[in-house]
Number of protein chains: 2
Amino acid sequence: MAYPHCFIRSPANSPAVDYETPQFFWVIQYAAGADRDVVDMVSGNPDWDPPEALREGLREYADGAPESFQYPPSVGLTALRSEIAERRGVDRSRVVVTNGAGEANHLATTGALDRDSGTEIVMTDPVYPYYAGRANLLEADARYVPVADDGQLDPAAVREVASEDTAAIVVNTPNNPTGAVYPRDTIEALAEIAEECDAVLVADEVYDHYDFTGEFESALATDSDHVVAANSFSKSMAITGFRVGYAVFPPEDGPLGEMVERARTRHMLTNVTGSRPAQAAVLRALRETPPEYYERNRQRLRERIDAFTDALDAAGAEYTTPQGSFYVLARFEDFPGTMGNVERLIDEAGVAGMPGEAFGESHADWLRFALVTLRADEAADRLVDFFA
Amino acid sequence: MAYPHCFIRSPANSPAVDYETPQFFWVIQYAAGADRDVVDMVSGNPDWDPPEALREGLREYADGAPESFQYPPSVGLTALRSEIAERRGVDRSRVVVTNGAGEANHLATTGALDRDSGTEIVMTDPVYPYYAGRANLLEADARYVPVADDGQLDPAAVREVASEDTAAIVVNTPNNPTGAVYPRDTIEALAEIAEECDAVLVADEVYDHYDFTGEFESALATDSDHVVAANSFSKSMAITGFRVGYAVFPPEDGPLGEMVERARTRHMLTNVTGSRPAQAAVLRALRETPPEYYERNRQRLRERIDAFTDALDAAGAEYTTPQGSFYVLARFEDFPGTMGNVERLIDEAGVAGMPGEAFGESHADWLRFALVTLRADEAADRLVDFFA
């Protein structure tokens, strides 16, 4: 499969756009320029409040002594790494605090390629566009495994594609854009395939706090020593702009033990370290935020999903009911997920979604709607009016 | 010249250290474990207060609406880029806000190599260890040009080493560790050499606010279209932990016009974006901090330099009087800049400096002392007692 047109190239029949407007941004810009009110269901930014302890943490930090404004350790504040390690049940030496899950995924993928145990990266189709863009940047060979309509990934299909040329298998669970949560069997099987191919299973688990099924299993639960788990506080604390994430690398005494040291080196030579006010605020929020905060946000999303999928029923659409994450994929009759149709929906219905084709080929007929807006109900009504 | 032993390898005759303790950290650890009081003259962290407007900016940010906690544009807050562009007299499209000068230098150097116009990186000796480590990470061929004892760089010596195989010439002015500020003629000549070799002059100017001579010239003043200027607010605002820096790339309509778009892509796929609370606080500080703040810190350093170099005179040492930056290089008779001598100075004099050999070969006889401590006077007295 060809590299999805998520980055750099302009959408078809649209004026040329520069890099600052890849497809996500293009749709947002198009919606902003529309001659009517439009509900934004494109962005993956939570629309609710961060934990109060996070705000408190920033205020406390602002009053600190000069030395607290200076470099934290390159791998992150020690207390923050300890909190993470304890929660994840791993040795602190395996944890590198990164500039969001973006850098965590980047370190995991570059680290997998640096092992010289393969040049291929196996991803799903649909794919989160950054994974595809990164494979391209790193000049890796991208292989895509189509998922089922409900978003589930068949390990047998991955096994067919994976080989000794595979450096990494990159998955995202709970998934963007399908909303699928992979069951334990799938994760176990993927880790096994990684072991068989001497590859790395990179599991991006940033939506782990938005699992509506209770079925979510972290790749760390497999106890495989061929797994890197990438995560962040961007989604769980509603702070995508803070850029505090982390990666958990394989144990240092295992066969992939060298990965964490190489990641530390690359992190140090790329970023030196992450931003300390953000790390300090996240540390306080991690310690003080009660489970109710997270449950409240899950409940909010459950209600939005119910209302939105009821509307999709009324509009006669097929759809995925997300098991996790923020997104609903919908397929309307004779209305494939092209950029042209996305523009039409903006202009004629006042709803902005993402074209399925931006995520690959397997879901090119679908549209993705992000439920992180107070106006999801309004958008649902508009879709019913347009399609029913 | 061989790759300086700044990263990864353990210092000679010291117990094995992991990556978290390269030489800077090794010395700090050794000093912390010493059986006596030690003045830290190793760290490059300012010891004075950040601007009050920076603290105010963080407090204001902490009270913001949920949407202000979400992703800023990948290339940085637009208002921050505008402020930077205006101050630097460049078009905003050339500015990418980065995770500190570390990432700015990284994007500049990778971008130079990605042009496929050479595989060599020309650096000075002594070199700031991150440049050498990065060349190693990127598998570039490192070439070093020794500077004079006073830290000045002779462009003729660079011209001898540079060739069509040169991808980048990486310099730092005002310089760490020599304290040299390159005059306009030097910068102009370096830009010319970069043009002749179809290479990129990467000028790291993070100490630009600590120029004591008035002779500092930014590489941007050359108007060469083969220049990338890297900078940050880490040193000027005493916030090395915030990670707000930037790079100014060549104009998009010039021969290296593609560099900025490639840097945006790499930045997005590595980091997504920088930390927003830090950017917001820097923006407010940039707007509201009066020139007196910066002048006060320069004056503080001037006084420390005077007192410290007076003591070095009394101790019978040779030294560099810094024209800029925070550092004094000193050479004591029969006391070369080895790790062994650094340890001896910690144990016997109670002063921790950096071994000159950590920066290369040309200044291996020297020791580097950072003047960002309230206790510089005390350290000076101890050095006099030890050496006089």
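What you see is a predicted model, and the numbers here were worked out from it, not measured in a lab.

Caption draft 1: Examining the relation of the copies chain A and chain B more closely. Least-squares fitting of chain A to chain B yields an RMSD of 0.0 Å, with the superposition described by an axial translation of 0.0 Å and a rotation of 180°. The transformation relating the two chain copies, once decomposed into turn and shift, fits a two-fold axis. For chain A, the residue whose C-alpha comes nearest the rotation axis is Arg59(A), separated from it by 2.7 Å. Here 100% of the contact residues of chain A are again contact residues in chain B; the copies associate through an equivalent surface.

Caption draft 2: Expanded view of the interface of chain A and chain B. Taken residue by residue, the interface counts 58 residues in chain A and 58 residues in chain B. Both faces combined, the contact of chain A with chain B buries some 5200 Å², and carbon together with sulfur accounts for 58% of it. Summed over the shared surface of chain A and chain B, the result is 2 salt bridges. A salt bridge links Asp63(A) to Arg59(B); its shortest N-O distance comes to 2.7 Å. Along the contact surface separating chain A from chain B lie 37 residue pairs in polar contact (both at pLDDT 80 or more). At 8 residues, helix 8 (residues 259–271) of chain A tops the list of elements feeding residues into the side of chain A that touches chain B. Classifying every residue of the side of chain A that touches chain B gives 28 nonpolar, 15 polar and 15 charged.

Caption draft 3: Inspection of the packing of helix 8 of chain A against helix 5 (residues 129–137) of chain B at higher detail. For the pair helix 8 of chain A and helix 5 of chain B, the least separation of the axes is 10 Å and the interaxial angle reads 125°. The pairing of helix 8 of chain A with helix 5 of chain B is recorded here as oblique in orientation. Considering how the two elements wind past one another, helix 8 of chain A and helix 5 of chain B form a crossing that is left-handed. Residue-level contacts link Arg266(A), Met268(A) and Leu269(A) of helix 8 of chain A to Tyr130(B), Gly133(B), Arg134(B) and Leu137(B) of helix 5 of chain B. Of the residues contributing to the contact of helix 8 of chain A with helix 5 of chain B, the split by class is 4 nonpolar, 1 polar and 2 charged.

Caption draft 4: The packing of aromatic side chains, seen in detail. By the definition in use, this model includes 40 aromatic pairs over all chains. On the numbers, 5.8 Å between centres and 85° between planes, the contact of Tyr207(B) with Tyr327(B) is edge-to-face. Here Tyr327(B) lies in strand 10 (residues 327–331) and Tyr207(B) lies in the loop between strand 6 (200–204) and strand 7 (227–232), a separation of 120 residues in the sequence. Assigned by exposure class, Tyr207(B) and Tyr327(B) land together as buried. Each ring, one from Phe386(B) and one from Phe387(B), has its centre 4.8 Å from the other, and the planes form 90°; the classification is edge-to-face. By relative accessible area, which is 21% here, Phe386(B) ends up partly exposed. Here the aromatic cluster, defined as three or more aromatic residues joined through ring pairs, consists of Trp48(A), Tyr207(A), Tyr210(A), Phe326(A) and Tyr327(A).

Caption draft 5: Broad picture of the pairing of strand 2 (residues 95–98) of chain A. Residue and element names in this part refer to chain A. Along strand 2, one buried face is formed by Val95 and Val97 and the opposite face, lined by Val96 and Thr98, is buried too. With 4 bridges connecting them, strand 2 and strand 8 (residues 245–248) associate as antiparallel partners. Each residue of the ladder has a partner; that of Val95, found in strand 8, is Val248.

Caption draft 6: Summary view of the pairing of strand 3 (residues 120–125) of chain A. All names here are of chain A. Judged by how many residues are buried, strand 3 sits mostly within the fold: 6 of 6 residues are covered. Residues Glu120, Val122 and Thr124 of strand 3 are buried on one face, and the alternating residues Ile121, Met123 and Asp125, pointing to the opposite face, are buried as well. Taking the sense of rotation as the criterion, the β-α-β connection linking strand 3, helix 5 (residues 129–137) and strand 4 (residues 141–146) turns out right-handed. Bridge count between strand 3 and strand 5 (residues 166–172): 4 bridges; the pairing is parallel. Across the sheet, residue Val122 finds its bridge partner in strand 5, namely Ile169.

Caption draft 7: Structural context of the packing of helix 4 (residues 100–114) of chain B against helix 8 (residues 259–271) of chain B. All names here are of chain B. It is at 10 Å that the axes of helix 4 and helix 8 come closest, and there the two elements cross at 125°. When the interaxial angle is binned, helix 4 and helix 8 end up oblique. Viewed along their axes, helix 4 and helix 8 form a crossing whose handedness is right-handed. Between helix 4 and helix 8, the contacting residues are Glu103, Leu107, Ala108, Thr110, Gly111, Ala112 and Asp114 on the first element and Met259, Arg262, Ala263, Arg266, His267 and Asn271 on the second.

Caption draft 8: Inspection of the nonpolar core at higher detail. Core analysis: the largest hydrophobic core is formed by 182 residues, its most contacted members being Phe242(A), Phe332(A), Phe369(A), Phe242(B), Phe332(B) and Phe369(B). In contact with Phe242(A), not counting residues within four places along its chain, are Leu54(A), Leu58(A), Ala278(A), Ala281(A), Tyr61(B), Phe69(B), Ser275(B) and Pro277(B).

Caption draft 9: Broad picture of the sheet that holds strand 3 (residues 120–125) of chain B. Residue and element names in this part refer to chain B. With respect to topology, 7 strands assemble into an open sheet ordered 2-8-7-6-5-3-4, the strand pairing being mixed. The open sheet has two edge strands, strand 2 (95–98) and strand 4 (141–146), and neither has a second partner. When the angles between neighbouring strand axes are averaged without regard to direction, this sheet yields 20°. Against the sheet, helix 5 contacts strand 3, strand 4, strand 5 (166–172) and strand 6, and its axis sits at roughly 160° relative to strand 3.

Caption draft 10: Fine view of helix 11 (residues 339–349) of chain B. All names here are of chain B. Among the residues making up helix 11, those that are buried are Met339, Asn341, Val342, Glu343, Leu345, Ile346 and Ala349. The elements touched by buried residues of helix 11 are helix 1 (23–32), strand 11 (351–352), strand 12 (354–355), strand 13 (367–370) and helix 12 (376–387). Of the residues trailing helix 11, Gly350 is marked for its positive phi of about 75°.

Caption draft 11: Structural detail: the sheet that holds strand 2 of chain A. Residue and element names in this part refer to chain A. As summarised here, the arrangement of the 7 strands in space is 2-8-7-6-5-3-4, forming an open sheet in which the pairing is mixed. One side of each edge strand has no neighbouring strand; the edge strands of this open sheet are strand 2 and strand 4. Each adjacent strand pair in this sheet contributes to an overall mean axis angle of 20°, direction not counted. Pairing of strand 6 (residues 200–204) with strand 7 (residues 227–232) involves 4 bridges; the strand directions are parallel. Note that in strand 7 the partner of Val202 across the bridge is Val228.

Caption draft 12: Highlighting the side chain of Thr222(B). All names here are of chain B. Tracing the backbone shows Thr222 in the loop between strand 6 and strand 7. The class for Thr222 is buried, based on a relative accessible area of 13%. Polar contacts involving the side chain of Thr222 include one to the main-chain carbonyl oxygen of Ala219, which spans 2.7 Å. Those residues in contact with Thr222 that sit more than four places away from it in its chain are Ile187, Glu188, Ala191 and Val227.

Caption draft 13: Spatial organisation of helix 12 of chain B. Residue and element names in this part refer to chain B. Helix length check: helix 12, at 12 residues, gives a terminal C-alpha distance of 16 Å against a target of 16 Å (1.5 Å per residue), a fit within 8%. Taken together, the buried positions of helix 12 are Ala376, Ala379, Ala380, Arg382, Leu383, Val384 and Phe387. Of the surrounding secondary structure, the elements contacted by the buried residues of helix 12 are strand 1 (39–40), helix 10 (291–314), helix 11, strand 11 and strand 13.

Caption draft 14: Summary view of the environment of Ala168(B). All names here are of chain B. You can see Ala168 is positioned in strand 5. As a C-alpha pair, Ala168 and Ala112 span 56 residues in sequence and 5.9 Å in three-dimensional space. In this view, Ala168 contacts Ala112, Glu120, Ile121, Val122, Ala199, Val200 and Val202; residues no more than four positions away in its chain are not counted.

Caption draft 15: Broad picture of the pattern of salt bridges. Counted by the stated rule, this structure contains 54 salt bridges over all chains. Between Arg59(A) and Glu52(A) there is a salt bridge, with the nearest N and O atoms lying 3.3 Å from each other. A relative accessible area of 22% places Arg59(A) in the partly exposed class. Residue Glu52(A) is classed as partly exposed on the basis of its relative accessible area of 47%. Among the ionic pairs, Glu83(B) bridges to Arg287(B), the shortest N-O distance being 3.2 Å. Of this pair, Glu83(B) sits in helix 3 (residues 78–88) while Arg287(B) sits in helix 9 (residues 276–288), placing them 204 residues apart in sequence. Overall, the relative accessible area of 17% leaves Glu83(B) in the buried class. Judged by its relative accessible area of 51%, Arg287(B) is exposed. The network of salt bridges with shared partners includes Asp37(A), Arg375(A), Glu378(A) and Arg382(A).

Thresholds, definitions, all that
- Residues numbered from 1 in each chain as written.
- Chains lettered and ligands numbered in written order.
- Predicted model: local features only at pLDDT ≥ 70, side-chain atom pairs only at ≥ 80, totals over all residues.
- Heavy atoms only, no water.
- Least-squares fit on C-alpha atoms with pLDDT ≥ 70 in both.
- Contact = heavy atoms within 4.5 Å.
- Buried area = accessible area lost by both parts, 1.4 Å probe.
- Salt bridge = Lys/Arg side-chain N within 4 Å of Asp/Glu carboxyl O.
- Polar contact = N/O pair within 3.5 Å; in protein donor to acceptor, adjacent residues only side chain to side chain.
- Helix = DSSP H or I, 4+ residues; strand = E, 2+ residues; numbered from the N terminus.
- Nonpolar A, V, L, I, M, F, W, Y, C, P; charged D, E, K, R; others polar.
- Axes fitted to C-alpha atoms, helices over the stretch in contact; angles between N-to-C directions.
- Parallel < 35°, antiparallel > 145°, perpendicular 65-115°, else oblique.
- Left-handed = near helix turned anticlockwise from the far one by under 90°.
- Phe/Tyr/Trp six-rings, centres within 6.5 Å; stacked < 30°, edge-to-face > 60°.
- Buried < 20%, exposed > 50% of the residue type's maximum accessible area, 1.4 Å probe, protein only.
- Pairing = 2+ DSSP bridges.
- Right-handed = clockwise from strand over helix to strand, strands pointing away.
- Core = buried A, V, L, I, M, F, W, Y, C linked by side-chain atoms within 4.5 Å.
- Expected span 1.5 Å × (residues − 1).

Fair warning: the whole summary comes from geometry, so function is off the table for now.
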